[in-house]
Amino acid sequence: MKVDCVAFTHNGLVRPKNEDSILCDGWVRNQPMSEPAPFSAGSDPSGIRVFAIADGLGGHSSGDVASQFVLSRICAAIAEPTEVSQLSLTQMLQGVHRALFEISGTVSSYRGMGATVAGLVICPRGAVYLFHVGDSRIYRREDRFFQLLTKDDRPEPAGYGENVQSSHAQSSLLQCLGGVTEFSQIAPHVARLDILDGPETFLLCSDGVSDMISQDEMEESMSDSHETTVRTLFGRVRNAGARDNVSIIIVEVSPSSGPQEMPVVPTSGTGLTEG
C-alpha cells in the first residue's frame, strides 16, 4: 500500500492554545502550524500506518495533555505484537479510556480531562480500519463529494444537520475518551474497509471544522491538490470565525502495484499483524 497525507492543526482565532493533536505515521503534533505539512508513507510496503486526530475537551482540565496522551497511547499500542482487527482496536480504545480516567485521578489539574478521537489504521494488504469516539469525523472522498463515514456521539436535536453552528455545536457528547469522574465503559466505533481497486482518499477533521462550515462548503473546498484543499478548508473555517481549534488530515491510500508477502511480524517499528 502506498500512503500519502497532508496534515494541519491550528488553535483557531479564539482559543488561546491548541488542545487538538494530530498523528501521522508516528509523528505527533500539537503546536499550531502556519502551513499544511505533506507526508509520504510509501517507502515500507510491509508497515502498518496510523493517522488520527485527538481533540481535547474544551472547557475541561488539560485538554492539550489529554489529546497528546491519547495519541501517544495509540502509538504505544501499535508497537505491540497484536493482530489488527475490529476487536483489538475496540479493546485498545477502551484501554486508552481507562488510562485517561486513571491518570486524571492522580493530578488535581487533570481531573475530568478527556478527548475525542478519529483515525485510520492502514494495513499493507488492502484493509483500512476506521475508528472514532466522540465527534471528530472521517469522510471518504467520492469524486467531488464527501461521504461521512462516522456518526457523532451526540444526541440528535430537532433539525439535526440543518444548522451546524447553532444546534450541533450546542449538543453534549454521549461518550469520549476519559472526561469522567466516575468510570464507565465506552463503545468505540470501529469498521473495516478494503481498498481493492483505485486509490481512496479520506478526510479526518476535528469538530472545529464540522461545527463551523457545512458539508457543502467542505465539498466546494476540494481540489486536485490535497494541500490546496486543506488551505481552502482552513480559510473557510477562519472566515466563519474559527471559534475552536482546527485539525485536518487528508490521507490517500493506493493499492500496491504488485504482489507482496506479509511477514508474520513486521520489522519496521510497528508490531501489528493484519487480521
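The structure this text deals with has already been given above.
These lines cover the structure that appears in this document, whether it is placed above or below. (Residues numbered from 1 in each chain as written. Predicted model: local features only at pLDDT ≥ 70, side-chain atom pairs only at ≥ 80, totals over all residues. Heavy atoms only, no water.)

Below, the discussion takes up the sheet that holds strand β14 (residues 246-254). Spatially, β4-β1-β14-β13-β9-β10 is the arrangement adopted by the six strands of the open sheet, whose pairing is antiparallel. Pairing within the sheet leaves two strands with one partner each, and these edge strands are β4 (37-40) and β10 (145-148). In this sheet, neighbouring strand axes are inclined to one another by 25° on average, regardless of whether the strands run parallel or antiparallel. In the sheet, strand β13 (residues 200-205) pairs with β14 via six bridges, with the strands oriented antiparallel. Its bridge partner being in β14, Thr201 is matched across the sheet by Glu252. (Pairing = 2+ DSSP bridges. Helix = DSSP H or I, 4+ residues; strand = E, 2+ residues; numbered from the N terminus. Axes fitted to C-alpha atoms, helices over the stretch in contact; angles between N-to-C directions.)

The next point concerns the environment of Ser184. Counting through the fold element by element, Ser184 comes out in the loop between β11 (177-178) and β12 (189-194). Using a relative accessible area of 39% as the deciding quantity, one classes Ser184 as partly exposed. For the pair Ser184 and Phe101, spaced 83 residues apart in sequence, the C-alpha to C-alpha distance is 9.5 Å. (Buried < 20%, exposed > 50% of the residue type's maximum accessible area, 1.4 Å probe, protein only.)

The next point concerns the nonpolar core. If you look at the biggest cluster of nonpolar residues, it comprises 41 residues, and the most contacted ones within it are Leu120, Ile122, Met218, Ile249 and Val251. The biggest single contributor to this core is β14, with six residues. Residues within four places of Ile122 in sequence aside, it is in contact with Met1, Val3, Gly47, Ile48, Arg49, Phe51, Ala127, Val128, Val251 and Val253. With 31 residues, the next largest nonpolar core counts Ile74, Val84, Met92 and Leu93 among its residues. (Core = buried A, V, L, I, M, F, W, Y, C linked by side-chain atoms within 4.5 Å. Contact = heavy atoms within 4.5 Å.)

Now for the pattern of salt bridges. One pass over the structure, following the stated rule, counts 13 salt bridges. Residues Lys2 and Asp4 are paired through a salt bridge, measuring 2.4 Å at the closest nitrogen-oxygen approach. The partly exposed category is assigned to Asp4, whose relative accessible area is 21%. The closest approach of N and O atoms between Glu200 and Arg140, which form a salt bridge, is 2.7 Å. Here the residue Glu200 occupies a position in strand β13, and Arg140 occupies one in strand β9 (residues 137-142), the gap between them amounting to 60 residues. With respect to burial, Glu200 and Arg140 carry one shared label: buried. Where salt bridges share partners, they join Asp135, Arg154, Asp207 and Asp211 into one cluster. (Salt bridge = Lys/Arg side-chain N within 4 Å of Asp/Glu carboxyl O.)

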